[in-house]
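Each chain is listed here by its residues.
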Amino acid sequence: MRILLTGSSGWLGGALKPRLEALGPHVVGLDPVPSARTQVVGSIADRELVLRTVRENSIEAIIHGGALHKPNIEHHENTAFVATNVQGTLNLLDAAVACGVQRFVFTSTTSLMISQAIRAGFQGGARKAAWLTEEMSPEPRNIYGVTKLSAEHLCRLYHIEHGLPVVVLRTARFFPEADDMAHAIEQSDANTKANELLFRRLTVEDAADAHVAALEKAPSLGFDIFIISAPTPFRPQDCAELIADAPSVVARYFPDYPRLYARKGWTMFSSIDRVYDPSRARERLGFVCGTSFADVLAALEKT
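Residues numbered from 1 in each chain as written. Predicted model: local features only at pLDDT ≥ 70, side-chain atom pairs only at ≥ 80, totals over all residues. Heavy atoms only, no water.

**Quick word on the sheet that holds strand β2 (residues 26-31)**
Spatially, seven strands are ordered β3-β2-β1-β4-β5-β7-β8 in an open sheet, and the strand pairing comes out parallel. A strand with exactly one partner marks an edge of an open sheet, and here the two such strands are β3 (40-41) and β8 (223-228). As judged from the two bridges shared by β2 and β3, these two strands associate in the parallel manner. The residue bridging D31 from the neighbouring strand is V41, located in β3. In the packing of helix α7 (residues 204-221) onto the sheet, contacts are made with β1 (2-6), β4 (61-64), β5 (103-109), β7 (166-171) and β8, and the angle to β5 comes to roughly 130 degrees. (Pairing = 2+ DSSP bridges. Helix = DSSP H or I, 4+ residues; strand = E, 2+ residues; numbered from the N terminus. Contact = heavy atoms within 4.5 Å. Axes fitted to C-alpha atoms, helices over the stretch in contact; angles between N-to-C directions.)

**Some details on the layout of surface pockets**
Computed from the structure, the second largest pocket encloses a volume of approximately 210 Å³. Together, 14 residues line the second largest pocket, and E134, R156, R170, F223 and I225 are the ones closest to its centre. Elements supplying a minimum of two residues to the lining of the second largest pocket: α5 (143-162) and β8. Broken down by element, the residue count for the lining of the second largest pocket peaks at four residues, all from α5. Looking at side-chain class alone, the lining of the second largest pocket contains five nonpolar, two polar and seven charged residues. (1 Å grid on protein atoms, 1.4 Å probe; cavity = no way out; pocket = protein on both sides within 12 Å on 5 of 7 lines; lining within 4 Å. Points joined across faces, edges and corners; volume = space filled by probe spheres on them. Nonpolar A, V, L, I, M, F, W, Y, C, P; charged D, E, K, R; others polar.)

**With respect to the nonpolar core**
Grouped together as the largest cluster of nonpolar side chains are 31 residues, with contacts concentrated most on L20, I63, L169, F226, I228 and L285. Listed by contribution, the elements that provide at least two residues to this core are β1, α1 (11-22), β4, β7, α7, β8 and α10 (279-285). It is α7 that contributes the most residues to this core, 10 residues altogether. Not counting the four nearest positions on each side in its chain, L169 is found in contact with V105, F106, T107, S108, T109, A210, H211, A214, F226, I228 and L285. Ranked by size, the runner-up nonpolar core spans 27 residues in total, among them V54, I59, I62 and L93. (Core = buried A, V, L, I, M, F, W, Y, C linked by side-chain atoms within 4.5 Å. Buried < 20%, exposed > 50% of the residue type's maximum accessible area, 1.4 Å probe, protein only.)

Structure representation (structure tokens):
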């Protein structure tokens, strides 16, 4: 299989390209930033470049991980987000149809699932945590979310109109940077990331593995959308208590966590305001993240 990987110079591309190459296929990386993983330097907003790259490399599958992200909002106009995240995705879909590409995987984000109303509830003392699944109708709160959701709609349209098999992965957090609200969080960066594995994070390695799984299953799925996040121990009936007293809920599922955290000098968030439920990916995609909060505790036990 000959694969085009957009975003090949980025954080996800660094983990994904070696996995694809290990499977044996020919992988062409496309990214505006030069790197050893990128054979074509340029923007997916360049329609002719995209079509030429797909055609000349006889591409059979596309993994579209390239995008402008939430941190780029401070430095880019809305038009740049539309050009990259919407027009760029359209360019890739058109090239896929024109050149007979057999499968398409799109990297989306759980960020688009948080509306302004949900955000206001978090900030204004919500009575229970939001339990988030693929069944909800998203109302994104910023240009990043709006353009990623628009790209998802384009993916669905091209499956309906052209029969292109497309799998959309709404990935939770896997970026290495500290939280953009780190100044307001009492936990250290490592402590924060460990806590988030309970409800809204995964490792970049698991994100890469999810894309490989989606690539393999795309033809049989036709079109589908999956939340990709570390398996959560929580259940919907925990949501009220997660807002009021998250440490008690976590201790119920992991009785050893207070001792292990105390030894490390870590603390749990006092309140957890959302939970991304990845069970659909387990049931339909056959994928479960390999790293969970339990693995964090196992590592702490050994230190």
